[in-house]
Amino acid sequence: MTTTTIESPHPRQKSEDKPVFAEVVLNLPLKGSFTYAVPPEFQPIVQPGFRVFVPFGKRKLTGYVVALSDSRDATFKIKDIEDVLDTGPVLSPEIMSLTRWIADYYRSSWGEAVKAALPAGLEDESREILTLSPEGLQALHSEDLNESLSLILKSVAQRGQVTPAQMRRLLKNKFSAYALARLKQSGWLQSQLHIKRSAIGYQYEKLARAVSPLPDPEATEKLLRRSPKQQAVYALLLEGDKTLKTLAEQIPTYAAPFKKLREKGLAEITTQKNLRESEAVKPDASWSPEAQLPFTPDQERTYKELHHSLTQGEFKTYLLHGVTGSGKTELYIRCIQKALELKKTAIMMVPEISLTPQTVARFHARFGTNVAILHSGLSQKERFLEWKKIQEKQVSIVVGARSAIFAPFKNLGVIVIDEEHDTSYKQDSSPRYHARDTAIIRARSENTVVILGSATPSLESLSNTESGKYRYLSLDKRVQGRLLPVVEIVDMQKEKDEKKNFTILSGRLKAAIRHRLDRKEQVFLFLNRRGTSNYIFCKECGFVFDCHHCSVTLTYHGREDLIRCHYCNYTARVPKTCADCQGEVIHFSGFGTQRLEDEIKRLFPEARTIRLDRDTTRGRSAFESMHKLMNAGEIDILIGTQMITKGHDFPNVTLVGVVHADISLNIPDFRSAERSFQLLTQVAGRAGRGRVPGQVVIQTHEPEHFVFKFVRDHDFKNFYEKEIGNRKKLNYPPFTRLAALVMECESESIGEKATRDLAEAMKKFIACTKGIEMIGPSPAALYQIKKKYRWHIILRSMGSGTLKTALDRVATLKEFKSPFKGKVRISIDVDPINIL
C-alpha cells in the first residue's frame, strides 16, 4: 500500500484575532491585486512577500502577497487562501518595490514582474483534465456529430485523458473552443481539476511506517509467527516512521520482508515533503585568492574615483568606456572586493553569451566559494539552489545574466553591468524590462554604486553622461602596452569583378589564415548566420522557398539535408522541384557557418577547425570543451556566430576574420549602424590580446559605408558624433522616448481591422495631446512569425512622463482591452530595442 502525503510546511494554529485580508498578485496579464481572506490558522504566518495557493475562477494558482489589511470591499464574496507555500518571505521589501516599478513602467502586471524576480519552476498550479463520460463514449459512434465535436471526442478516447492545452496542440487549426464548451456542458466530457505541485522548492522523501490504526495484536502475531525477518522490520517500524535509507542502514536485507509486510496490510510507504535546503557553502581548504593584477596609470586614476563613491556609500552611476583589453574586468573585481571589505554585497551582470567558463573561473579564482552563478545553462533545481544560497546569505557576490538584478541581497554595495550596450539585457516577453535601467532604479533606492562598462557604450548611456546623469570614465589603452589590432576592409565586389573570386573568402583573408597557421597561432572566423545556404530559389521562375508560418526564407542545413526556419524551427526535406513552376533547377544561394566550415576544411585540411553556433552548442558543456581545447592550443580555427564575440580572452588568437559584415547593416532598424559598429568592434577586440599584435580582416560589399571607416580607425568618438547627429535629425532616441504596440493575430483580416480600429481610437486623443506622436499603423518588418501576422503602432514622445500618460489613455480604450474577443493579442514594449 502506498500513499502520498503533502502537507503545508506550517503547523495549523488557531487565532482569535479579527479577520485578516491579503492583497495577492498573480502571474497573469491582469492589472491590480486580488483580495483573499486569510484563514485563522494562517494569520500568524502570512506576511507581504509570501507565496500562497489561491482559487482563481475554476483554477488554483500560486500568488504573491503584497499587502495585508483588516478591512475589505463588502460588495462581493471573498475566497480563502488555501495554503501558504513558504516558511518565510521569498520577496524582500526592496524587491517588491522594484517589481512594482517594473510593472508600472514597462506596462506588465505586478504578478508577472514578481514571477520574473523569482527562480523558475516554483509555482504550484492546477490543470483541467478531460475524460470521456459513459454518455460521451456512446455519442462517439453517433453519425449526427459535426466534425469539431467528433475530433475532440476521438482525441480524448484515444488518449484516455487530455488537458485543453494538449487538445489545442493535437488538433491545431481544427480545434474549436466552442465545441469543447458544448461537450462539457452536455456532460459528454468530464472535467477534473488536478493540482500540479512544484518540486523545485521541495525535496520528497519516502518513509516506511506501520499502518494506523494498528491491527489486533493476536492477528498480527499470527501473520508474523513464522517470519523472524518480518518481525524485526515490523518491530522497528513500531518505534516510529523510518526513511528507506535509515531502514536499509539498520536492516540491510529489509526489502523482501518489508514487501511482505505491505502485502499483509501491516506496513505502507508514504511520501514526506520538506522544504529544499541549499547545501552549506564550505570553504575550499586548498583555495587561496589569485593575486591582484597591477594597475596601469589609467586604471589607478579610474579606481580612485570609484573607490571614493564606494566608501561614501552613495548612489552614483558611472559609465566606464574602455577599449577591448584595457582591463575593465580587473577594475570590476577590485570594486567588488572593496564592497566586501565594507561588509556589503555585489551583483556582477554580464550578457548571457559572455557568461563563459573563463568569466566564471576568474571570479572563483579571486573570491573562491563566495560566488553564486546564475545563467540559462543551469537546471531549474540548480538555479533555485544558487538563489537559495544568496537568500540565506551564504555568498556575497552573484555573477549572472539579466535576472541577476533580482538577487535577494541585503546591504548592496555595487552593481556592475558589463557590456552595458548589449541587447540581451532587454527581456523580449512580459515584463519587457531592461536590466540596465532596472539596476539603476534599484541602486537609487538602496544607495548603491552602479558601474556600466563597455568598449562601445550605447548612445543612450553616452547621452546621459552629457546631461550629467552618469559620470564618464575612460580607459583609452590596452594593458601592458599592447596595441589594438590592425583592421583591413576588403571589398568583396572588387574580388568578384577584378579577381573573379566568387568564393566565400577573399584572397587577403585566405593568405592571412595561412600565415597565422604557419606561425602556430589561432584564428577566429565570425559569421552571424547559421546553416549552409541562407535561401533556396528556382532558377527558372525565381520562386523563393519561404517558411509557411513566418515571413522569412528557409535556410538550408547541408549536414542534415534539411531546410529550416530559424524563427519557428519548421523543417522540411529539400525539394527536388520548384513548388511554383515544377522546374527542376533548384539553386542554393548565400552561405552560413556550416558552409564556411566546409570551405575552411577544404582549403586548410590540416587545421583543427571547430564550429560554435546554436546547431553545435546544446549546453554549457560545449562551451567548456571549446575553452579547454582553445587554451590547450588544440584548436587552430574557431568558426562562430555572435557566441564568439564576447567573454573570450585567448592570448594566441591573432587573426579575426569577419566573413560577411553587411548582415547587421541591412536590418530595417534605426539602430542598425550602432549595432554593426558595436558588433564589429567587439569581435575585432578578440585579436591580439597576448604579446603578438592582432590583425582583423573585414569582408563587405559596402566598403564606403561610414561604419567601416570608424571600425578600421578604432574611432568611437567620431562614430558617436555622426550617429548622434543622424538620430537628432530623425528625432529618434536618445532625443525621444518610444513605445511600440504590437498586434498579433492568426487571421490576417481580423488582425488588420483590429489594428486600424485601435489606431483610429488613439488618433482622437493624440491629436489634442501635446508632445506625443503616433507612427503607423503598419505591418511589422517580420510580418508573420509562428503563424501569427504582426502590425506595429509606434508612439514617440519627448519625455517618459508624456509617454506614460498616453499609454494610460490607450489602456482605457475598448479597442485595446478586448479586440475581437481576445483573437488579437496586443503587447506594449516601452523603450524597445527592436522594432522588427
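Structure shown above.
Residues numbered from 1 in each chain as written. Predicted model: local features only at pLDDT ≥ 70, side-chain atom pairs only at ≥ 80, totals over all residues. Heavy atoms only, no water.

## Some thoughts on the sheet that holds strand S19 (residues 486-491)
Right, so step 1: Pairing within the open sheet is parallel, and its six strands lie in the order S19-S29-S28-S20-S27-S26. With one partner strand each, in any of the chains shown, S19 and strand S26 (609-612) form the two edges of the open sheet. On average, each strand axis in the sheet is inclined to that of its neighbour by 15°, with strand direction left out of account.
Right, so step 2: Pairing of strand S20 (residues 522-526) with strand S27 (residues 637-640) involves four bridges; the strand directions are parallel. The residue of S27 that forms the bridge with Leu525 is Ile639.
Right, so step 3: With respect to the sheet, helix H17 (residues 492-499) is in contact with S19 and strand S29 (695-700), its orientation differing from that of S19 by roughly 50°.
Right, so step 4: In the packing of helix H19 (residues 593-603) onto the sheet, contacts are made with S20, S26 and S27, and the angle to S27 comes to roughly 160°. (Pairing = 2+ DSSP bridges. Helix = DSSP H or I, 4+ residues; strand = E, 2+ residues; numbered from the N terminus. Axes fitted to C-alpha atoms, helices over the stretch in contact; angles between N-to-C directions. Contact = heavy atoms within 4.5 Å.)

## With respect to the side chain of Thr99
Right, so step 1: Relative to the assigned elements, Thr99 resides in helix H1 (residues 93-105).
Right, so step 2: Within the structure, the side chain of Thr99 is placed 3.0 Å from the side chain of Trp110, a separation counted as a polar contact.
Right, so step 3: Leaving out residues up to four positions away in the same chain, Thr99 has contacts with Trp110, Ala113, Val114, Ala117 and Phe406. (Polar contact = N/O pair within 3.5 Å; in protein donor to acceptor, adjacent residues only side chain to side chain.)

## A few points about the pattern of salt bridges
Right, so step 1: On inspection of all chains with the given rule, the structure shows 49 salt bridges.
Right, so step 2: Here Lys804 makes a salt bridge to Asp104, at a shortest N to O gap of 3.9 Å. With a gap of 700 residues between them, Lys804 in helix H25 (residues 800-812) and Asp104 in helix H1 connect regions that are remote in the sequence.
Right, so step 3: Residue Lys804 is classed as partly exposed on the basis of its relative accessible area, which comes to 33%.
Right, so step 4: Among the ionic pairs, Glu606 bridges to Arg514, the shortest N-O distance being 2.8 Å. (Salt bridge = Lys/Arg side-chain N within 4 Å of Asp/Glu carboxyl O. Buried < 20%, exposed > 50% of the residue type's maximum accessible area, 1.4 Å probe, protein only.)

## Side note on the packing of aromatic side chains
Right, so step 1: Counting across every chain of the model gives 19 aromatic pairs.
Right, so step 2: With centroids separated by 4.4 Å and ring planes inclined at 0°, the aromatic side chains of Phe670 and Tyr732 adopt a geometry described as stacked. Of the two residues, Phe670 sits in the loop between strand S28 (653-658) and helix H21 (672-684) while Tyr732 sits in the loop between helix H23 (716-730) and strand S30 (737-745), which places them 62 residues apart along the sequence.
Right, so step 3: Residue class for Phe670 comes out buried when judged on its relative accessible area of 14%.
Right, so step 4: By relative accessible area, Tyr732 is classed as partly exposed at 21%.
Right, so step 5: Between Phe706 and Phe719 the ring centres are 6.3 Å apart and the planes differ by 20°, which places this aromatic pair in the stacked class. Of the two residues, Phe706 sits in helix H22 (residues 706-712) while Phe719 sits in helix H23, which places them 13 residues apart along the sequence.
Right, so step 6: Counting every residue linked through ring pairs, the aromatic cluster contains Phe677, Phe706, Phe710, Phe716 and Phe719.
Right, so step 7: Its guanidinium or amino end placed over the ring of Phe706, Lys722 lies 5.1 Å from that ring's centre, counting from NZ or CZ. (Phe/Tyr/Trp six-rings, centres within 6.5 Å; stacked < 30°, edge-to-face > 60°. Lys NZ or Arg CZ within 6 Å of the ring centre and 35° of its normal.)

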